[in-house]
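Given next are the chains, with one letter for each unit.
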Amino acid sequence: MDKDFTSTSRPTFKRTLRRNSMISVIITMTLIWLLLCFASVVTLKQYAQKNLELTGATMSHSLEASLVFNDSLAANETLAALGKQGQFAVAEVTNAHKKRFAYWSWNPEDNNDTLGALVSRWLFPVPVAQPIMHNGAMIGEIHLTARDSLISHFIWMSFAVLTGCILFATVVALTITQSLHHGMVTALQNITDVVHDVRTNRNFSRRVKDGRIEEFHQFGEDFNSLLDEMEEWQLKLQAKNAQLLRTAMHDPLTGLANRAAFRNSIAALMNDPSAKTNSALLFLDGDNFKFINDTWGHAAGDCVLIEVASRMTEFGDKRHQSYRLGGDEFAMVLYGVHSELEVQHICAALSQQFIRPFDLHNGQKASMSLSIGFALAWENASVEALLERADRNMYQVKNQRTKTIS
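Residues numbered from 1 in each chain as written. Predicted model: local features only at pLDDT ≥ 70, side-chain atom pairs only at ≥ 80, totals over all residues. Heavy atoms only, no water.

## Quick notes on the pattern of salt bridges
Point 1. Scanning the model with the defined rule gives 13 salt bridges in all.
Point 2. Residue E329 is joined to R259 by a salt bridge in which the shortest nitrogen-to-oxygen separation is 3.8 Å. Note that E329 is positioned in strand β7 (residues 329–335) and R259 in helix α7 (residues 259–270), a separation of 70 residues in sequence.
Point 3. Taking relative accessible area as the criterion, E329 reaches 32% and is therefore assigned partly exposed. (Salt bridge = Lys/Arg side-chain N within 4 Å of Asp/Glu carboxyl O. Helix = DSSP H or I, 4+ residues; strand = E, 2+ residues; numbered from the N terminus. Buried < 20%, exposed > 50% of the residue type's maximum accessible area, 1.4 Å probe, protein only.)

Here it is in structure tokens:
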């Protein structure tokens with residue numbers, strides 16, 4: 001009787017083990033699929049949203065002149081040129097009175113991908129709004145609704161590859177004997193660890209280790225290939241975001257950091273007690289730049305501005321940071337200075353850099369001096385006080401120079 005019970009119970013146990021293994025494999029693979037899909041979509045949504053915000057910030061600078069001069073035609077042309085590149089689906093520019101100033105919309109008849117449109121709307125549920133500033137005042141606002149067919153295509157391709165890999169691994173797992181059950185669990189745990197790391201830490205550099213079982217080794221290679229594509233897409237988005245950030249924080253003519261970067265640096269400086277004790281601010285303003293512009297034209301003026309920036313950068317080297325605030329207004333933040341006399345010596349040495357005439361690249365040369373005013377960071381309690389002191393000192397120097405010439 002015991003023998004009969006044992007002989008009849010073993011096949012039932014095997015079937016139970018096989019069924020439980022099948023259920024475990026299916027559940028595990030499904031969870032892996034869901035976790036990876038969720039991690040991929042959430043990560044791409046964050047990067048794509050940031051990319052759209054940076055696009056709006058960059059466009060706001062391009063549209064500033066159109067709003068200032070009330071040129072809606074130029075604004076529409078700018079929106080159309082960027083829209084045709086596929087960076088957004090709808091762009092609307094409003095003026096300071098919230099009235100539509102310019103508008104561009106991608107023709108939905110050009111796209112029959114309904115599922116892609118649904119995914120795009122989920123990725124970007126509301127338009128991104130970016131203010132358009134001029135001289136510190138908001139003169140309008142730009143609203144962007146995204147269209148990113150590349151992200152939709154990548155998501156569907158990722159889902160297809162991942163689903164195929166999961167189905168393949170499930171079939172392989174169901175054919176493995178009970179003696180290899182431990183190897184299966186180890187391989188799946190390896191994949192789960194990678195997925196968890198990708199989801200929680202966005203560590204797309206993680207890869208599935210080589211497995212001892214050929215089928216799982218192949219699955220790991222396919223899985224790693226998918227991670228390679230995701231990491232490549234992540235790096236491209238990061239590079240594009242970095243490029244847009246640089247464009248937003250640098251002057252396109254001279255290559256110097258612009259007013260926005262200057263405000264950020266000054267705020268950080270004044271909030272750092274250690275740096276504040278040995279730093280100073282210089283304001284520089286051209287004395288006869290308007291004469292050069294009026295005499296030889298804006299192209300010559302641009303040559304002068306570029307050369308001023310070059311000489312400031314060469315003078316500051318890696319120790320001091322130069323900025324272009326706008327027009328012929330520049331600034332320089334001095335680091336590692338400890339006395340007013342030292343700052344005065346630096347101002348005198350910097351003034352000497354502009355004695356040499358400027359080549360206008362039209363066969364002419366012109367001279368332009370710059371009035372320099374300074375303020376010591378450690379003598380001012382706030383950013384506003386520091387800026388006001390440097391500006392006031394700079395205009396005092398300019399007025400004294402004007403009286404001397406007169």
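## Brief notes about the pairing of strand β4 (residues 137–145)
Point 1. In this sheet, β4 lies alongside strand β1 (residues 90–95) in antiparallel orientation, the contact comprising six bridges. Paired with T94 across the two strands is E141, which belongs to β4.
Point 2. Of the strand pairs in this sheet, strand β3 (residues 128–134) and β4 are connected by seven bridges, and their pairing is antiparallel. When the bridges of β4 are listed, M133 appears paired with M138. (Pairing = 2+ DSSP bridges.)

## Observations regarding a nonpolar patch on the surface
Point 1. A cluster of nonpolar side chains, I23, I27, L31, L34 and L35, forms an exposed patch at the surface whose accessible area comes to about 420 Å².
Point 2. Its place among the elements puts I23 in helix α1 (residues 2–68). (Patch = residues over 30% accessible without salt bridge, like charges linked within 9 Å, V, L, I, M, F, W, Y side chains within 5 Å. Areas by Shrake-Rupley, 256 points an atom, 1.4 Å probe, with all protein chains shown as cover.)

## Topic: the pairing of strand β6 (residues 321–326)
Point 1. Of the strand pairs in this sheet, β6 and β7 are connected by five bridges, and their pairing is antiparallel. Of the residues in β7, the one forming a bridge with Q321 is V333.
Point 2. Hairpin connection between β6 and β7: a loop of two residues separates the two successive antiparallel strands, and G327 in this loop has a positive phi of roughly 60°.

## Quick notes on the sheet that holds strand β5 (residues 279–286)
Point 1. With respect to topology, four strands assemble into an open sheet ordered β6-β7-β5-β10, the strand pairing being antiparallel. Because the sheet does not close on itself, it has two edges, and the strands there are β6 and β10 (370–376). Each neighbouring strand pair of the sheet contributes to a mean axis angle of 20°, computed without reference to strand direction. (Axes fitted to C-alpha atoms, helices over the stretch in contact; angles between N-to-C directions.)

## What to know about the sheet that holds strand β2 (residues 100–105)
Point 1. Pairing is antiparallel in the open sheet, where four strands are placed in the order β2-β1-β4-β3. Every interior strand has two partners, whereas the edge strands, β2 and β3, have only one. Adjacent strand axes in the sheet meet at a mean angle of 15° when their direction is disregarded.
Point 2. The strands touched by helix α2 (residues 72–83) within the sheet are β1, β2 and β4, with β2 carrying the most contacts at an inclination of about 25°. (Contact = heavy atoms within 4.5 Å.)

## Things to note about the packing of aromatic side chains
Point 1. One pass over the full model with this rule turns up three aromatic pairs.
Point 2. Where F262 meets Y323, the ring centres are 5.3 Å apart and the plane angle is 70°; that geometry is what we call edge-to-face. With F262 in helix α7 and Y323 in strand β6, this pair connects stretches of sequence that are 61 residues apart.
Point 3. Seen in terms of ring centroids, F291 and W296 are 6.2 Å apart; in terms of plane orientation they differ by 85°. Their pairing is edge-to-face.
Point 4. Residue classification places W296 among the partly exposed positions, given a relative accessible area of 30%.
Point 5. Connected via pairs of aromatic rings, a cluster forms that spans F262, F283 and Y323.
Point 6. Positioned above the aromatic ring of Y103 is the side chain of R100, whose terminal nitrogen or guanidinium carbon lies 4.1 Å from the ring centre.
Point 7. Between the NZ or CZ atom of R311 and the centre of the ring of F358, over which it lies, the distance is 4.1 Å. (Phe/Tyr/Trp six-rings, centres within 6.5 Å; stacked < 30°, edge-to-face > 60°. Lys NZ or Arg CZ within 6 Å of the ring centre and 35° of its normal.)

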